[in-house]
Amino acid sequence: MPRGRYSLHDLHDHTPLGEEHFQCAPGPSGWRYLSRTTAPSGDHLGSVDLTLDELGRPIRLELHAASWQVRGAALEGVTWVRTDPTGTHATEGNVRAHAFTGTSPAFLVATARLLRLTPDSPATRVRLVAFTDPVLAPRTVDQSWALVNSEAHTTDNGPLIVDEYQVSALDTGEQHTVHIAGDVVVSAPGIELEDLESPPSSL
C-alpha cells in the first residue's frame with residue numbers, strides 16, 4: 001500500500017499551495033485513494049476519497065474543500081451532488097463524460113488506469129468533469145492523452161517503470177507532461193512527489 005506525500009505548487013509562479021498526504025492500494029473492486037490536503041501553514045484544506053472499479057471507472061468519489069462537498073460516481077456518464085457550506089442548497093449534475101478530474105494527483109492516476117494506453121496506442125481523447133478548488137465548481141474538459149515513453153529505473157526493490165504521458169487540453173492546445181510509476185505520480189505540473197514509504201502498486 002503506497003503511502004506518501006506530494007507538494008503542490010501554483011502552475012504559473014510556483015508558489016507553494018500545500019501538501020497532500022496520501023495512501024492508495026488496489027483492492028477487490030479495483031483501486032482506492034485516500035488523502036488529506038494541508039496549507040503551507042499546516043491548516044486542513046480538504047480531502048479526497050476515490051474508488052475505481054477494475055476498468056478504471058469512478059464508482060465512488062467524495063471531495064471536501066473549504067466546507068464544500070462533492071459526491072459522485074460513474075452513472076449515465078458521470079453524476080454528482082455538490083453541497084454548499086450551509087448544507088441547504090445541494091445541486092446535482094450529470095455529464096456524458098468518462099470520469100472526474102481535479103487538483104489531486106489521484107485523478108492523473110485514475111485517468112491513466114481508465115485509458116490503459118500502450119506506447120503503440122494513438123493519442124486518446126477523454127472527456128472529464130473537473131472540480132476546481134476552492135469551491136469544487138464543476139466544469140467539463142476535453143483532453144488528449146498519449147503514452148510517449150516507458151523507462152525502467154533501478155531501485156532497491158527492483159526496476160521501477162515510469163510512464164511518461166503527454167496530456168493536451170483540447171480547448172486551448174496547451175500541453176504538459178505527466179510521469180506516473182504504477183499508482184503514484186512522480187511529477188506533473190504543480191505536483192512533486194516528496195516522500196514515498198513503500199513502492200508503487202502496478203496499474
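Whatever comes next refers back to the structure up there.
Here the structure is a predicted model, which is why all the values come from computation and not from measurement. (Residues numbered from 1 in each chain as written. Predicted model: local features only at pLDDT ≥ 70, side-chain atom pairs only at ≥ 80, totals over all residues. Heavy atoms only, no water.)

### Some remarks on the packing of aromatic side chains
Applying the stated criterion across every chain yields a total of six aromatic pairs. With 4.5 Å between their ring centres and 20° between their planes, Tyr-6 and Phe-22 make a pair best called stacked. In this pair, Tyr-6 sits in strand β1 (residues 3-9) while Phe-22 sits in strand β2 (residues 16-26), placing the two residues 16 residues apart along the sequence. Residue Tyr-6 is classed as buried on the basis of its relative accessible area of 0%. (Phe/Tyr/Trp six-rings, centres within 6.5 Å; stacked < 30°, edge-to-face > 60°. Helix = DSSP H or I, 4+ residues; strand = E, 2+ residues; numbered from the N terminus. Buried < 20%, exposed > 50% of the residue type's maximum accessible area, 1.4 Å probe, protein only.)

### Some details on the environment of Gln-166
Mapped onto the fold, Gln-166 is located in strand β12 (residues 158-169). Taking the relative accessible area as the measure of exposure, Gln-166 reaches 33% and is therefore partly exposed. Sequence separation between Gln-166 and Ala-123 is 43 residues; the distance between their C-alpha atoms is 8.8 Å. Dropping the residues within four chain positions of it, Gln-166 is found in contact with Ser-144, Trp-145, Ala-146, Val-148, Gln-175 and His-176. (Contact = heavy atoms within 4.5 Å.)

### With respect to the nonpolar core
Of all hydrophobic cores here, the largest spans 46 residues; its most connected members are Leu-50, Phe-131, Trp-145 and Tyr-165. At eight residues, helix α1 (residues 106-115) tops the list of elements feeding residues into this core. (Core = buried A, V, L, I, M, F, W, Y, C linked by side-chain atoms within 4.5 Å.)

### Some details on α1
By the criterion of burial, α1 is predominantly enclosed, with 10 of the 10 residues buried. Immediately downstream of α1, the backbone of Arg-116 shows phi near 50°, a positive value.

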